[in-house]
Structure formats: C-alpha cells, structure tokens
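# Survey of secondary and tertiary structure
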Amino acid sequence: MSGRPDPRRRRDAPPMIVQRSREVAFAVMHAVDADDAYANLLLPTEIERAGLSSADAALATELTYGTLRGRGMYDAIIGIAAGRELDEIDHGVLDALRLGAHQLLATRVAPHAAVNESVELARRSSGRSATGFANAVLRRISRNDLDGWLDQVRALARSDDEAIGWTSSHPVWIVRAMRRALRAEGREHELEELLAADNASPSVTMAALTGLAEPRSPRTRFSPIGFRAPSGDPEPLVRSSGGAMRVQDEGSQLVALALARRAPVAGERWLDLCAGPGGKTAVLAAEARNASALLEANEVIPARAGLVRRALEAIPETIEVHERDGRDLASENAGAFDRILVDAPCTGLGALRRRPEARWRKSPQDVADLVEVQTGLLDRAIDALKPGGVVAYVTCSPHPAETTGVVREILDRRDDVTLLDAAASLQAVAREPLDLAERADGLTTAQLWPHRHGTDAMFLALIERQ
C-alpha cells in the first residue's frame, strides 16, 4: 500500500484566528441572548478578562452595542438572506450572523474579515456543519448596502408600524407607545428622531455631589452638578474622588434635584423609597446634607441595597438603608416624611440607548404588571407624607401607562393631593432652559427625551399632599 495520502479524504482546515475584540463582543452577545445577561455589566468584565488595549476595548464596545441596538433590523435582513425563519437558526449561529451583519452594513471593517471571522465564531459555537450556511448568508448580505436591504425589509412589512419597527430596530408595541407619548405633547413628528436617538451611542456624563466636589469642564447643558466624563475610562476619577464624582445620566440628576431644591427647610425628613442602585440616592443625600435635612433610603432587593450603600460611601454622614417592600415601609410610616422620591421599577424604555437589549426582553404584559406596582408604591408614598409634603414620581420610561396613566389613577383615586408643576421645578434647577412641551390634557408633568435633551427619557411628576 502506498504511503501517499488519499486525495479523496478531505483534511480539516486549521481553525481561523479571531480578533479578541470580536470574541469578546460575541461572548457578551451570546450571554445576553442565551442567559439574559446585561451587556453593561458583563462587557467591562469580559474586556478586563481578555486584557484588551484601549483601541480593542473600544472596538469590542462598538461591536457589542451596535449589534444589540440594531438586532431587530439585522434579524429582518438575515431572515431575507437566509430564506428561513430565525427560530430555525441555531442561537450561536444567529448571534454570529448578527455580529457579521453589523460589521458589513454599519462599520468600516473589511468585508472579508467580517465574513471570515463571523463564520469561524459560528463554527466554534455550533460545529463545522454551520460554516457553509453562515458563509453563504453573510456573503449574500455583503452584496448589498444597508439602504438597499432596508428597501427590501420595508417591502415585506405588513404595516407602516412594522416597517418602522424593523428599520429602527424597535418592537412594534414600543414604536406605538413612543408615538402616543409624543402625540400627547403635540410632537408626534419627532418619532423618527427619537427612535434614531435610541440607537445612538450616548456620551458619558458625570455628577459632582453638592458640597463634596465641584463639576469639571466641560459642563453638561442642563444639570448644575453635571459634567462630561474625561476621555477614556471615568472610573479612576470616581475612585480618586471617593465617589463624590460619579457616572450618572444628566436626566437622573435633574429629576432628583427638582425634588431636593424645592425651597429646602432645615430639619426635614426625606425618603428615597426605591433606591437601587443608588445614583439618585447619592444626589439626594448630598442635597439633604446641604439643606440640613435627614435622608433615609429603602431598597427591597438585598444585592441592590448593597449597591446603594456603596453609592453613599462618599457621604460623611451615615444614611440608613432599609431592605423592605416599599409599600410596607411607607404604610408603617404614615405622615412621617416631608419629601419622598419614588423612582419606580419600570420597563426602562427611556434608557434603550444604554441598555439596548431591554427592548427585546419586555412585553406589553410587563407594562401591565409594573403599573400595578407603580400605582401601589405611589399611593403608599403619599400616605407617608406629612401634610404639605411632596412626592416625586419618577420613571425611566416615557410609556404613557407607566407615566401619566399612573398619575391619573392617583389623582382620580384621592382627594387629598395636588399635582404641582414639574416642568417649572425642572426649569428652576436647570442651567439653561429646557424644551419641555405642554401637554394638551393639562397635566403639569414633565418628560425628558434623548433626542431633544440628550438625556435618558426620564418622566417626573410632583404631587403634594394637602
């Protein structure tokens, strides 16, 4: 027998080397998809574990968040290119296709690198049998640009809302909720701009706690304690300041200040009823210290209560942090507080640019369940107010059911409350005027928007107990 190799026997090609940035992005995306992980928590850990340079970390971040933000759009394109339903595609292969589609259609990555390395990621995840399929789909995608693919996606949509949802990468129910919220302000024409802002990478803003640190340059437009994060990782500045300077969205700063700076009176007792993870709590604690008021905090989930205590480490005084159901704590302290912040658990639709995966995890049923909790928390919080006390009801969501719907329910249910002018309170603390639309229904609530203010879509209502 000849010692020469049999040419009919195919040799396996050696595994392709995949750039570490792509490996990190794929690992995070797959964990988000398969294990309900949160990209904003997992990505920094994976970057550190991989020992990425600053440039490679930036690429991993762009690939991860860009792909997650565009997931709905890329899924529609992949479905056309693959000629099959997405649920027929293995999860690992689908994640590799999404990553490859983003590189091909929305970045300057060389097409051959986007295709070859995404195919290798599919092979690692699902075996050699996946390579031919992944290669064919990605090469098909590479033959057209994004605009061309979006034309095909629109042509297949069954309604205008479905077309908007696919092309803007938002579930249809969220598109409709956003439109209703804007319509209530007479700003329905801003829908496209809002959905685009959800898919844009936000700048990092920081807060300098009052009396403990001074804002640096460049300053943010609206918050009196806000400034832009230095280039690179802001964590060294947070550590060196002992937490007196901290990463926080400008909208979160503003809604906390709107409550805290309403004519402070020495000796008042304040409560942050739903405090986790503690960003607004820290702002309130610094403001309370400056106003000679006493702040308490509450967070029902022990792990998040730990985050609140950590957020408060910069405050010289000890802040008591309860670990109770907020409704029970409020009921047991009837008439005890002058000011209460109810930063209610919500869908988080106002922070989709920071947590893009949230849009794929929530459903209309989640809204219904949350509204019941939100209404109960706000109702009990009002019971815990002294006469003349004020509660700030805050959500990081513009969904009408979670915002004005909850406020209306409380106003209809109770005859001992007055809705204050939240917009005026925000304007009073802002460094420059905010473009806050008046509602046609006369409710004096306030809504911040990413496309209009550059903040998360924070909602604020101020309610006084008579």
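Description of the structure in this document.

About the cut-offs
All residue numbers refer to positions counted from 1 along the written sequence of the respective chain. Restriction of local features to residues with pLDDT of at least 70 applies here, the model being predicted, together with a cutoff of 80 or more for giving and counting side-chain atom pairs; totals for whole chains, interfaces and linings are based on all residues. Each side-chain value is worked out from all heavy atoms of the structure, with water and hydrogens disregarded. Should DSSP find at least two bridges between two strands, the strands are taken to pair. The numbering of helices and of strands both runs from the N terminus, where a helix is a DSSP run of H or I of at least 4 residues and a strand a run of E of at least 2. Throughout, an axis means a line fitted to C-alpha atoms (over the contacting stretch in the case of helices), and angles, computed between N-to-C directions, take values from 0 to 180 degrees. Whenever Lys or Arg places a side-chain nitrogen within 4 Å of a carboxyl oxygen from Asp or Glu, that contact is recorded as a salt bridge. Three exposure classes are used, based on accessible area relative to the maximum for each residue type with a 1.4 Å probe and protein chains only: buried under 20%, partly exposed in between, and exposed over 50%. Two rings from Phe, Tyr or Trp (for Trp, the six-membered ring) form a pair when their centres sit within 6.5 Å of each other. Planes less than 30 degrees apart are called stacked, planes more than 60 degrees apart edge-to-face, and all others tilted. Criterion for a charge above a ring: Lys NZ or Arg CZ within 6 Å of the ring centre, and within 35 degrees of the ring normal.

## Section: the sheet that holds strand 2 (residues 226–228)
Ordered in space as 2-1-3, the three strands form an open sheet in which the pairing is antiparallel. Either end of the sheet is taken by a strand with one partner, and the two such strands are strand 2 and strand 3 (245–247). Averaged over all pairs of adjacent strands, the angle between strand axes in this sheet comes to 35 degrees, irrespective of strand direction. As paired strands, strand 1 (residues 205–208) and strand 2 are joined by three bridges and run antiparallel to one another.

## Remarks on the pattern of salt bridges
A complete count under the given rule lists 46 salt bridges for this structure. Here R71 makes a salt bridge to D75, at a shortest N to O gap of 3.8 Å. Linking R71 with D75, this pair stays in helix 4 (residues 71–82), spanning four residues, or about one helical turn. Side by side, R71 and D75 carry an identical accessibility label, which is buried. Its salt-bridge partner being D416, residue R414 comes within 3.0 Å of it at the nearest N-O pair. Side by side, R414 and D416 carry an identical accessibility label, which is buried. Through salt bridges with shared partners, one network takes in D379, R380, D383, E409, R413, R414, D416 and R465.

## Looking at the packing of aromatic side chains
Enumeration according to the criterion identifies one aromatic pair in this entry. Measuring from ring centre to ring centre gives 6.2 Å for Y393 and F459, while their planes differ by 70 degrees; the resulting arrangement is edge-to-face. Of this pair, Y393 sits in strand 8 (residues 385–395) while F459 is found in strand 11 (residues 459–465), placing the two residues 66 residues apart along the sequence. The two residues Y393 and F459 agree in class, both being buried. The ring of Y38 is capped by R361, whose NZ or CZ atom sits 4.8 Å from the centre of that ring.

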